[in-house]
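# A structural walkthrough
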Amino acid sequence: MKKEKISVDFVFYILSWIILGSLLFIGILQNTGVLDLLSVIGPCSFLSATGFYCPGCGGTHAVVSLVTGHPIDSFLAHPFVIYVAVCALIFASVNTVARIRHTRGVSFRMLYVYIGLAILFVQWIVKNI
């Protein structure tokens, strides 16, 4: 029996659906009052130890804002969260349609990672200025 190689595009396709499913799950828990994510997550230990914001500071607030229907607040808290959500939505939806139609979908490009890293870095610098 021949082993099939799993493509990077397939891994990111599955990862996109996991991200979207997780956001949906968190949104349901957050909006029904079962979970208050902001009260569960404590203060940033990097901020407490150094006095500087870490590259992820604001991420939890951004996720909560996004799943409660406040995308502008989410973007202002941490633009990386919106970037990942939009990329996951596009990648998952376009590739799902492509799989149904048996056509070629969107391929993963390292450029997407570099853009995400640039967003993280710029956001981190701006918050600490």
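Anyway, here's the lowdown on the structure attached to this text. (Residues numbered from 1 in each chain as written. Predicted model: local features only at pLDDT ≥ 70, side-chain atom pairs only at ≥ 80, totals over all residues. Heavy atoms only, no water.)

## Considering helix H1 (residues 8-32)
Residues spaced three or four apart along an α-helix face the same direction, because each turn holds 3.6 residues. Compared with the 36 Å implied by 1.5 Å per residue over 25 residues, the 36 Å span of H1 between its first and last C-alpha is a close match. All of the buried residues along H1 are Tyr13, Ser16, Leu20, Leu23, Gly27 and Gln30. Packing partners of the buried residues in H1 comprise helix H2 (37-40), helix H4 (59-67) and helix H6 (79-101). Of the residues one or two after H1, Gly33 is the one with positive phi, at around 85°. (Helix = DSSP H or I, 4+ residues; strand = E, 2+ residues; numbered from the N terminus. Expected span 1.5 Å × (residues − 1). Buried < 20%, exposed > 50% of the residue type's maximum accessible area, 1.4 Å probe, protein only. Contact = heavy atoms within 4.5 Å.)

## Looking at the packing of aromatic side chains
Taken as a whole, this structure holds five aromatic pairs when the rule is applied. The interplanar angle of 35° and the centroid separation of 6.4 Å between the aromatic rings of Phe10 and Tyr13 together place this pair among those described as tilted. On the criterion of helical spacing, the pair formed by Phe10 and Tyr13 is a turn pair, its members being three residues apart in helix H1. Residue class for Phe10 comes out partly exposed when judged on its relative accessible area of 34%. The class of Tyr13 is buried, set by a relative accessible area of 12%. Aromatic side chains Phe121 and Trp124 sit 6.3 Å apart centroid to centroid with 65° between the ring planes, which places their arrangement in the edge-to-face category. Of the two residues, Phe121 and Trp124 both sit in helix H7 (residues 110-128), three residues apart, roughly one turn of that helix. What makes Trp124 partly exposed here is its relative accessible area of 28%. Within the aromatic cluster, the residues linked to one another by ring pairs are Phe12, Phe108 and Tyr112. Positioned over the ring face of Tyr13 is Arg99, at 4.6 Å from the centre of the ring. (Phe/Tyr/Trp six-rings, centres within 6.5 Å; stacked < 30°, edge-to-face > 60°. Lys NZ or Arg CZ within 6 Å of the ring centre and 35° of its normal.)

## Remarks on unusual backbone geometry
Non-glycine residue His102 carries a positive phi angle of around 60°. Mapped onto the elements of the fold, His102 is located in the loop between H6 and H7. Residue classification places His102 among the exposed positions, given a relative accessible area of 74%.

## Overview of H6
Its 23 residues place the ends of H6 33 Å apart at the C-alpha level, agreeing with the 33 Å of an ideal helix rising 1.5 Å per residue. Among all positions in H6, only Pro79, Val81, Ile82, Tyr83, Ala85, Ala88, Phe91, Ala92, Asn95 and Ala98 are buried. If you follow the buried residues of H6, they end up packed against H1, H4, helix H5 (71-77) and H7. Once H6 ends, the next one or two residues include His102, with phi positive near 60°.

## Concerning the packing of H4 against H6
Between two packed helices, both the angle of their axes relative to each other and the distance between the axes serve to describe the pair. The geometry of H4 relative to H6 is characterised by a closest axis approach of 8 Å and an angle of 50° between their N-to-C directions. With respect to each other, H4 and H6 are oriented oblique. For H4 against H6, the interelement crossing comes out right-handed. Across the interface between the two elements, Gly59, Ala62, Val63 and Leu66 from H4 touch Val81, Ile82 and Ala85 from H6. Partitioning the contact of H4 with H6 into residue classes produces six nonpolar, one polar and no charged. (Axes fitted to C-alpha atoms, helices over the stretch in contact; angles between N-to-C directions. Parallel < 35°, antiparallel > 145°, perpendicular 65-115°, else oblique. Left-handed = near helix turned anticlockwise from the far one by under 90°. Nonpolar A, V, L, I, M, F, W, Y, C, P; charged D, E, K, R; others polar.)

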